[in-house]
Amino acid sequence: MKIERIETFLVPPRWLFCRIETSDGVVGWGEPVVEGRAEVVRAAIDVLSEYLIGQDPLQIERHWQVLTKGGFYRGGPVLSSAVAGLDHALWDIAGKVYGAPVAALLGGRVRDRVRVYAWVGGDEPSAIGESVAEQVAAGMTAVKMNASGQIQTSPSVAEVNDIVDRLAAARAVLGDSRDVAIDLHGRVGVAAARRILHAVEDLQPMFVEEPVLPEQMAHLAEVVATSTVPVALGERLYHRSDFMAPLNAGVAVVQPDVSHAGGISELRRIAVLADSHGALLAPHCPLGPISLAASLQVSFATPNFLIQEQSRGIHYNVTSDLTSYVVDPAPFTWVNGHAEWNPLPGLGITVDEEAVRAADRTGHAWRNPVWTHEDGSFAEW
């Protein structure tokens, strides 16, 4: 069996899918994308496909090594995301060939269901309590929201108090038996991150995500030490070596993205590395169905797993949602805030190929917003 054809599909709202077909007719699907740079990743897939065509698709680790190390210049979000999507598809093929879910090939599941959280926005909230109440009514046991909308690098007292008020509104609905996490998105400076962590401590968020930017890792340890609030990050880190500094700084939760950090193969290794530091895995995944299916396979097989992000109803997905490109939405139906074990082979989903091909004919050119402060200077989005 050889790899015969590799195709990519630019599908709304902001996703890129890839399809690998073998000489035996087995098809695997992956989701390689950098949000806002999908076309660039598509070009990278074309280049990497030169190596993969004609290869045995079951030699996943061999291919991962060549794809990530075969060029003199390595790493970065575009290359790592391209490799990730190809890796998803190869694991999908392997599971279908062996007649088993990918989690079984990773050593078997260590849990029967995976806890997921829902997104409730938070950039410019008018009714945080109502949004959280809707998720509670739907059976969710955890939510996440942005800590703020656009904010100054050194926020005012009012801006910090606003973060606390938003979190308090969510906590009032959730009570003490459910969880809320907040995402700072790297929007504030190091000193401000310390102030905010201290300010929200009494409300006990499950974690505060990305309090500082990746390029500020040298100061992460002092941010972590500011309070007892667990610190999480990792969506903008792409290799296990990138996680060494934050783990040594004491982060409690790592959040690699299976569509950015080298795929299932590397996500699994990052989880093991985190486990050796006593940290938990909460995979980042605000993307499409293939990315989430791949992420869930790792989550089911990872002992130090905490919770899984998922994008049903997320504000990005206006034209299409998580179930728009799958034949059966059942794998993405949450039961009491959890994904149930899915015994189907490979990634456990059937992609609606006709819908994908039709969507690709329209395509998309999604770009993230570019924000500026009142004085016209650049603001983190």
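Predicted model only: the values in this text are computed from it and were never measured. (Residues numbered from 1 in each chain as written. Predicted model: local features only at pLDDT ≥ 70, side-chain atom pairs only at ≥ 80, totals over all residues. Heavy atoms only, no water.)

**As for the pattern of salt bridges**
Counting across every chain of the model gives 20 salt bridges. Arg 19 is the salt-bridge partner of Glu 7, the closest N and O atoms lying 3.2 Å from each other. Linking Glu 7 in strand β1 (residues 3–11) with Arg 19 in strand β2 (residues 15–22), this pair joins segments that are twelve residues apart in sequence. The exposure classification of Glu 7 matches that of Arg 19, with both residues buried. In this structure, the salt-bridge partner of Arg 19 is Glu 21, at a minimum N-O distance of 2.8 Å. (Salt bridge = Lys/Arg side-chain N within 4 Å of Asp/Glu carboxyl O. Helix = DSSP H or I, 4+ residues; strand = E, 2+ residues; numbered from the N terminus. Buried < 20%, exposed > 50% of the residue type's maximum accessible area, 1.4 Å probe, protein only.)

**Let's talk about empty space enclosed by the protein**
Inspection of every chain in the model, using the stated rule, returns three cavities of 30 Å³ or more. When its volume is computed, the largest cavity comes out at roughly 90 Å³. If you trace the largest cavity, you find it lined by Ala 293, Leu 296, Gln 297, Phe 300, Pro 331, Phe 332, Ala 339, Glu 340, Trp 341, Asn 342, Leu 347 and Ile 349. By residue number, the principal contributor to the lining of the largest cavity is helix α11 (residues 289–301), which donates four residues. Reported here for the second largest cavity is a volume of approximately 40 Å³. Around the second largest cavity sit Glu 210, Val 212, Leu 213, Pro 214, Met 217, Leu 233, Gly 234, Glu 235, Arg 236 and Leu 237, which together line it. Residue classes in the lining of the second largest cavity are distributed as six nonpolar, one polar and three charged. (1 Å grid on protein atoms, 1.4 Å probe; cavity = no way out; pocket = protein on both sides within 12 Å on 5 of 7 lines; lining within 4 Å. Points joined across faces, edges and corners; volume = space filled by probe spheres on them. Nonpolar A, V, L, I, M, F, W, Y, C, P; charged D, E, K, R; others polar.)

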